[in-house]
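Inside the fold
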Amino acid sequence: MGNPLNLPFDPIERAHDNWAARWGKSPAMAAVTSIMRAQQLLLGQLDAVLKPYELTFARYEALVLLTFSSTGALPLGKIGERLMVHPTSVTNTIDRLERQGFVRRRPNPRDGRGTLAEITDAGREVVERATRDLLDMEFGLGCYSDEELWEIYTVFRKLRVNYGDFRAES
């Protein structure tokens, strides 16, 4: 998956050394640059695994969310809230999934103006197959132990709470 750079040095460490020489040490700069590079690497790997299903990770997440719903359907606004994306992104995602036959739109019986996205049988089948493939490759994080994965989760949970994604339990 992807083309390893196989550089003889860590470019982020080198960038930080240059940064430190000019502006002073910044662990935050090194951390955020590492996070952004990790996101590039992971998204590339995940999208490569999902490509045979004609899915991106964003569309896969939407299908998974619909499978978690007791009815297999959710209002578009709720999808955006749960996936933490802009309403336009939800519309584009659902449009594509609908064209692929993985989702259908239907009127929301609780809200005459609203629309529900509902997963189809084909959508359920593709999400099951894609999930097996993602689990087999450990979502690209196979180099970490379960303990390390929970540590990563905890570190980023603090950031998400700080930015207001949700309220931390007392």
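Thresholds, definitions, all that
- Residues numbered from 1 in each chain as written.
- Predicted model: local features only at pLDDT ≥ 70, side-chain atom pairs only at ≥ 80, totals over all residues.
- Heavy atoms only, no water.
- Phe/Tyr/Trp six-rings, centres within 6.5 Å; stacked < 30°, edge-to-face > 60°.
- Helix = DSSP H or I, 4+ residues; strand = E, 2+ residues; numbered from the N terminus.
- Buried < 20%, exposed > 50% of the residue type's maximum accessible area, 1.4 Å probe, protein only.
- Lys NZ or Arg CZ within 6 Å of the ring centre and 35° of its normal.
- 1 Å grid on protein atoms, 1.4 Å probe; cavity = no way out; pocket = protein on both sides within 12 Å on 5 of 7 lines; lining within 4 Å.
- Points joined across faces, edges and corners; volume = space filled by probe spheres on them.
- Nonpolar A, V, L, I, M, F, W, Y, C, P; charged D, E, K, R; others polar.
- Axes fitted to C-alpha atoms, helices over the stretch in contact; angles between N-to-C directions.
- Parallel < 35°, antiparallel > 145°, perpendicular 65-115°, else oblique.
- Left-handed = near helix turned anticlockwise from the far one by under 90°.
- Contact = heavy atoms within 4.5 Å.
- Pairing = 2+ DSSP bridges.
- Expected span 1.5 Å × (residues − 1).
- Arc of directions from axis to C-beta.

Identification of the protein as Regulatory protein MarR from Thermobifida fusca TM51 is taken from an unreviewed UniProt entry.

Side note on the packing of aromatic side chains
What the rule picks out here adds up to three aromatic pairs. Relative to Tyr153, the ring of Trp150 lies with its centre 5.4 Å away and its plane at 85°, an arrangement referred to as edge-to-face. Placement of the pair is Trp150 and Tyr153 together in helix H7 (residues 146-162), with a separation of three residues, close to one helical turn. Residue classification places Trp150 among the exposed residues on the basis of a relative accessible area of 60%. The lysine or arginine in question, Arg14, covers the ring of Phe9, its NZ or CZ lying 4.0 Å from the ring centre.

Here's the deal with the layout of surface pockets
What the largest pocket holds in volume is close to 1700 Å³. Lining the largest pocket are 33 residues, with Leu42, Phe57, Leu141, Ile152 and Phe156 sitting closest to its centre. Listed by contribution, the elements that provide at least two residues to the lining of the largest pocket are helix H2 (27-50), helix H3 (57-68) and H7. Examining the composition of the lining of the largest pocket, we find that 10 residues originate from one element, H7, more than from any other. Looking at side-chain class alone, the lining of the largest pocket contains 25 nonpolar, three polar and five charged residues.

Considering the packing of H3 against helix H4 (residues 76-83)
Interaxial distance between H3 and H4 falls to 11 Å at its minimum, and their mutual angle equals 110°. The pairing of H3 with H4 is recorded here as roughly perpendicular in orientation. In this structure, the crossing between H3 and H4 has a hand that is right-handed. For the pair H3 and H4, contact is made by Glu61, Ala62, Leu65 and Leu66 and by Ile79, Arg82 and Leu83, respectively.

Here's the deal with the sheet that holds strand E2 (residues 103-108)
Strands in a sheet are paired, the pairing made by backbone hydrogen bonds, and the direction either parallel or antiparallel. Read across the sheet, three strands follow the order E1-E3-E2 without closing on themselves; strand pairing throughout is antiparallel. For this open sheet the edge positions go to strand E1 (73-75) and E2, each flanked by a neighbour on one side alone. Looking at each pair of strands side by side, their axes are set apart by 30° on average, direction ignored. The sheet strands contacting H3 are E1, E2 and strand E3 (111-119), and the helix crosses E3 at an angle near 105°.

With respect to unusual backbone geometry
Even without being a glycine, Glu138 presents a positive backbone phi close to 55°. Relative to the helices and strands, Glu138 is located in the loop between helix H6 (121-136) and H7. With relative accessibility at 44%, the residue Glu138 sits in the partly exposed group. At Phe139, a position not held by glycine, the phi torsion is positive, near 55°. Inspection of the secondary structure puts Phe139 in the loop between H6 and H7.

Focus: H6
Under the 1.5 Å per step criterion, the end-to-end length of H6 is 23 Å for 16 residues, consistent within 8% with the ideal 22 Å. Looking at H6, one finds that the buried residues are Gly123, Val126, Val127, Ala130 and Leu134. Taken around the axis of H6, the buried residues stretch over an arc of 100°, which confines them to a single face. Away from its buried face by more than 90 degrees, H6 exposes Asp121, Leu135 and Asp136. Buried residues belonging to H6 abut H2, H3 and E3. Looking one or two places after H6, you find Glu138, whose phi comes out positive at around 55°.

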